[in-house]
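# Architecture and fold: a report
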Amino acid sequence: MYIVQIASECAPVIKAGGLGDVVFGISRELEKRGHAVEIVLPKYDCMRYDHIWGLHEAYKDLVVPWYGAAIYCDVYCGWVYGRLCFFIDPHSDDLFFNRGCYYGCEDDPMRFAFFSKAALEFLLRTNKRPDIIHCHDWQTGLVPVMLFEVYKYHGMEDQRVCYTIHNFKHQGISGTDILWATGLNREAYYFASDRLCDPFNPFALNMMKGGIVYSNFITTVSPHHAWEAHYGDCGYGLGHTIHEHQHKFGGVLNGIDYEVWNPASDRYIPHHFDADTFEEKAKNKKALRERLWLAHDDKPLVAYVGRLDQQKGVHLVHHAIYYALHRNAQFVLLGSATEKGINNWFWHEKNHLNNNPDCHVEIGFNEELSHLIYAGADIIIVPSNFEPCGLTQMIGLQYGTVPVVRGVGGLLNTVFDRDYDNYHDPDKRNGYVFFQTDNTALESAMDRAIGLWYHYPKEFQKLAIQGMEYDYSWKNPGTQYLSIYEYIRHK
Ligand code: ADP
């Protein structure tokens, strides 16, 4: 099959969170199985150019119709660890992708509406006719809309779209201007409640809703989150739309790329290990402590890696720092915040804890350090308010780091409580789960994890090794996505 991924991220060259990992991971898995995959991305000024090989201009002067006129783009091509990527570089005074950031601009809906249009125009003009176009999140929600309303009539009638929602919270809400900009026009038509009209605001358009309505199949990134989005309040207003389209909706658990995330070969960690050489993990703990100037005491090391955002349960992350210290454990935090208040809050904590030999708060995005943290920590916490899938717990498991998670979304599909799980034998359990959003709930789970580390170290090690034995690679999700592709191709 010939598959084109259209996305706003692809790790490690463009990565703000899990979306980047997923786009890279699924593409590699599909290629490993003999399918042809290409990835279309924006050419941001701030992406990691050092991770692209052979970047060169592949198409000059792509004319993208825009507001009745046109924007000229150059399309660059390069390889990101073997994946063939095309980067769209518009020449426009709007400087769509030259903002020093991936997201967070006021005109984000317009930037990514343009990207979606340019990606389709690129496929059309270069005669690329993939069997499947796989798009991701609100940024590419307009791809199926434009494909089936416009491009279909220009020679792209055989393409099928799979649309994956990684986060329902961000939906790409915009005004009528995107209709005029993209040439979709026909306001009254698109504002219909069964098309793009936002469920909360009848005067706004919802790009993610467009993706749901128009795609041939929609997935979200774990089976439990699919249920939450359909029946609970995790759809952020799109539950009804999902319900209407339930026949083409499902949850596919994300994988992690075991070539990137493998403690036996990870190029960012000093001591390689696997389940049979688990004792080597302790050397990474030592290396992590040396790097972050932490004391070398006989204490467990608890870590948090992730965005500092309401979604991630920052109030519990904050509490976990002090509870770990109170329980005589060490704590390492690596995270970045886009919200000013949260950023200031954690900078304040960082300054406050600066001289504490048992705690390190690192604010920013640091891929290399994250690998060392996964390898060196004993426990990783993921106390999210909601979590569509969550990669950090799966990476933690792979590195023998015991996850302590809140039982929501994909966390519930991947972590099974050592003491209370009803469905798995004791030798198949791999972490700790709590359910409420208050400090006491978090404490009860952290307490059990830290207590096991102190009082039953052999049992703790056994639990960590049981976690390493889980297969959360792209093998199973790869098969599931392929069967979805096959299904929509022949429908
Ligand atoms: P989300 O996509 O909601 O941000 P996920 O758990 O799905 O969360 O994916 C997070 C990914 O981003 C993981 O690979 C994690 O290691 C990485 N990550 C998050 N924050 C940072 C950071 N500050 N530095 C390095 N890597 C990070």
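So, here's what we can say about the structure.

### Remarks on the overall build of the protein chain
Counting its regular elements, the protein chain contains 17 helices and 17 strands. Along the first, second and third principal axes, the C-alpha set of the protein chain runs to 70 × 45 × 45 Å. Counting the 491 residues in the protein chain, one finds 62% classified as buried. In the protein chain, 72% of the contacts between residues at least 6 apart in sequence involve partners at least 24 apart. Entry remark: accessible area of the protein chain is about 19,000 Å², with carbon and sulfur atoms responsible for 51%. Across the protein chain, 44 positive and 60 negative side-chain charges occur, with their mean positions spaced 2 Å apart.

### What to know about a negative patch on the surface
Together, Asp274, Asp276, Asp425, Asp427 and Glu469 line one region of the surface with negative charge. Residue placement: Asp274 occurs in the loop between strand E11 (249-251) and helix H9 (281-292). Take Asp274: its relative accessible area is 31%, and that puts it in the partly exposed class.

### Focus: the site of the ligand
In the neighbourhood of the ligand, 23 residues make up the surrounding shell, with Gly18, Asp21, Arg307, Tyr374 and Leu391 lying closest. Gly364 is positioned with one of its backbone polar atoms (N or O) 2.8 Å from a nitrogen atom of the ligand. Measuring from an oxygen atom of the ligand, one finds a side-chain N or O atom of Tyr374 at 2.7 Å. In isolation the ligand exposes 560 Å². Once the protein is present, 94% of that is buried. Those elements that provide at least two residues to the shell around the ligand are helix H1 (18-32), strand E12 (301-307), strand E13 (330-336), helix H12 (367-376) and helix H13 (392-398). Taken together, the residues of the shell around the ligand break down into 7 nonpolar, 11 polar and 5 charged. For the shell around the ligand, the two domains that each supply at least three residues are domain 1 (2-255 + 475-489) and domain 2 (275-468).

### Focus on the pairing of strand E16 (residues 402-406)
Within E16, 5 of the 5 residues are buried, leaving the element largely enclosed by the surrounding structure. What you see with E16 is no split at all: Val402, Val404 and Arg406 on one side and Pro403 and Val405 on the other are buried throughout. The pairing of strand E15 (residues 379-382) with E16 spans 4 bridges and is classified as parallel. Bridging across to E16, Ile380 finds its partner in Pro403. Crossover connection from E15 via H13 to parallel E16: handedness right-handed. Two strands pair when backbone bridges link them, and E16 and strand E17 (residues 432-434) are joined in this way by 3 bridges, in the parallel orientation. Counterpart to Val405 in the pairing with E17 is Val433. Of the crossover connections in this fold, the one passing from E16 over helix H14 (residues 409-414) to the parallel E17 is right-handed.

### What to know about the environment of Ser336
Counting through the fold element by element, Ser336 comes out in strand E13. Leaving out residues up to four positions away in the same chain, Ser336 has contacts with Gly306, Arg307, Leu308, Gly364 and Phe365.

So, how was this worked out
Residues numbered from 1 in each chain as written. Predicted model: local features only at pLDDT ≥ 70, side-chain atom pairs only at ≥ 80, totals over all residues. Heavy atoms only, no water. Helix = DSSP H or I, 4+ residues; strand = E, 2+ residues; numbered from the N terminus. Buried < 20%, exposed > 50% of the residue type's maximum accessible area, 1.4 Å probe, protein only. Contact = heavy atoms within 4.5 Å. Areas by Shrake-Rupley, 256 points an atom, 1.4 Å probe, with all protein chains shown as cover. Lys, Arg positive; Asp, Glu negative; His and termini not counted. Charge placed at Lys NZ, Arg CZ, Asp CG, Glu CD. Patch = residues over 30% accessible without salt bridge, like charges linked within 9 Å, V, L, I, M, F, W, Y side chains within 5 Å. Salt bridge = Lys/Arg side-chain N within 4 Å of Asp/Glu carboxyl O. Near = heavy atom within 4 Å. Polar contact = N/O pair within 3.5 Å; in protein donor to acceptor, adjacent residues only side chain to side chain. Nonpolar A, V, L, I, M, F, W, Y, C, P; charged D, E, K, R; others polar. Domains from an automatic or database assignment. Pairing = 2+ DSSP bridges. Right-handed = clockwise from strand over helix to strand, strands pointing away.

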